[in-house]
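# Observations on chain architecture
Next come the chains, spelled out residue by residue.
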Amino acid sequence: MPRALRRYTMFTIFVAPALLFFAVFTLLPMLGGAAYSFTNWNGLARTYSFIGFSNYTEALRDHAFMQAILFTLKYVVLMVLLQNAIALGLALLIESRRKAKGAYRTVFFMPNLMSMIIGAFMWTFIFTKLLPELAEKASLPFLDQAWTSDPKISFFSIVIVSLWQGAGYMMIIYVAALQGVPQDLKEAARIDGANGWQMFRSITLPMITQALTICIFLTLNAAFNTFDVVYGLTGGGPGRKTEVVAMHIFQEAFNYNYRFGFANAKAMILFLIVLIFTLIQVKVMKRREIEA
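The sections below set out a description of the structure shown in this document. (Residues numbered from 1 in each chain as written. Predicted model: local features only at pLDDT ≥ 70, side-chain atom pairs only at ≥ 80, totals over all residues. Heavy atoms only, no water.)

### A short note on helix 4 (residues 101-113)
Under the convention used in this document: Comment: elements are numbered from the N terminus, with helices defined as DSSP H or I runs of at least four residues and strands as E runs of at least two. What a helix should span is 1.5 Å times the count of its residues minus one. Two axes are fitted around each residue, one to the seven residues ending there and one to the seven starting there, and the angle between them is reported as the bend at that residue.
Taking 1.5 Å per residue, 13 residues should reach 18 Å; helix 4 reaches 19 Å between its end C-alpha atoms and fits that length. In the structure, helix 4 departs most strongly from a straight axis at valine 107, where the bend amounts to approximately 30 degrees and where the proline proline 111 lies between one and four residues downstream.

In structure tokens form, the structure reads like this:
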């Protein structure tokens, strides 16, 4: 057997299980959801009718759905900016230390190992019990807020918990990228009199552009599809003011009207939104990689 064919065969054997799981648990359900989005199926009946684009036109006129999209977009913008800034800052801080790098990486990564539902319930206790008590005992009245019941404040509560859980994962990617920056370039720049900011802007940042592309891509997709943190922290309330799109689709399908076809149409709209933003982000970042 020729070497090229043997390598291709081995590659296929190793990749086939992952492709099979992806096809069964992701691709086929997505195609099924796309098909059901053109029907009036309620998820229970054995029969349903094809209704064309009626679900899509109704979804675009749904005020609650549009409100969920706007709330999600605001959440996505903050998460992409803050999570990557914090993760990169932590990575730079860890790499600047000479000792205990592994310990710091472990501590900051640990929240990512916890289920977000459990983390959200834990933070609910902190917001509703611990912080008010601390505000009273330590005379810090700004801590005594309606962290999960005021729509304006609960949005930032969701962001705080999401950053706590997700920044550590992105930090690991940035740490790996920073370790690949050639030390001789830094030494040459330092000899030429460059300060820390100049070295970061002219050497470090261009060298980790690929990691930046990956982290923004992951953050963007995760933020658009967030569900568990909102479900565990606010439940979408009060008055559906903190309802993200994924939760809105879940409620439409399972709690409100059992309109599975309608919910699938909204899910496909979310898919198209994520696809458009992702393609734009990857194209822009790939151009920056070439320029760097």
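Still more to cover.
### As for the packing of aromatic side chains
To keep it simple, the criterion reads: Two rings from Phe, Tyr or Trp (for Trp, the six-membered ring) form a pair when their centres sit within 6.5 Å of each other. Planes less than 30 degrees apart are called stacked, planes more than 60 degrees apart edge-to-face, and all others tilted. Type-normalised accessible area, obtained with a 1.4 Å probe on protein chains alone, sets the label of each residue: buried when under 20%, exposed when over 50%, and partly exposed for intermediate values.
Scanning the entire structure with this criterion turns up 21 aromatic pairs. Taking 5.8 Å as the distance between ring centres and 20 degrees as the angle between the ring planes, the aromatic pair formed by phenylalanine 21 and phenylalanine 25 counts as stacked. With a gap of 4 residues between them, phenylalanine 21 and phenylalanine 25 both fall in helix 1 (residues 3-36), about one helical turn apart. Here phenylalanine 21 matches phenylalanine 25 in class, with each residue exposed. Here the aromatic rings of tryptophan 197 and phenylalanine 200 are separated by 5.9 Å at their centres, their planes lie at 35 degrees, and the arrangement is tilted. With tryptophan 197 and phenylalanine 200 both in helix 8 (residues 196-207) and 3 residues apart, the pair spans about one turn of that helix. With relative accessibility at 17%, the residue phenylalanine 200 sits in the buried group. Ring pairing ties together the aromatic residues Tyr36, Trp41, Tyr48, Phe227, Tyr231, Phe250, Phe254 and Phe260, which thus form one cluster.

### Concerning the layout of surface pockets
Here is the rule: Every definition here rests on a 1 Å grid over the protein atoms only: cavities are sets of points where a 1.4 Å probe fits but cannot get out, pockets are open sets enclosed by protein on both sides within 12 Å along at least five of seven lines, and lining residues have some atom within 4 Å of a point. Grid points are joined across faces, edges and corners, and a volume is the space filled by probe spheres set on the points.
For the largest pocket, the calculated volume is near 520 Å³. Here the lining of the largest pocket gets 6 residues from one element, more than from any other, and that element is helix 12 (residues 260-291).

### Describing the pattern of salt bridges
Rule in force here: Each reported salt bridge corresponds to a side-chain nitrogen of Lys or Arg within 4 Å of a carboxyl oxygen of Asp or Glu.
By the definition in use, this model includes 8 salt bridges. Aspartate 62 is the partner of lysine 266 in a salt bridge, and the nearest nitrogen-oxygen pair spans 2.7 Å. Highlighted residues: lysine 266 in helix 12 and aspartate 62 in the loop between helix 2 (54-60) and helix 3 (63-95), separated in sequence by 204 residues. Among the ionic contacts, a cluster of salt bridges with common partners joins Asp62, Glu252 and Lys266.

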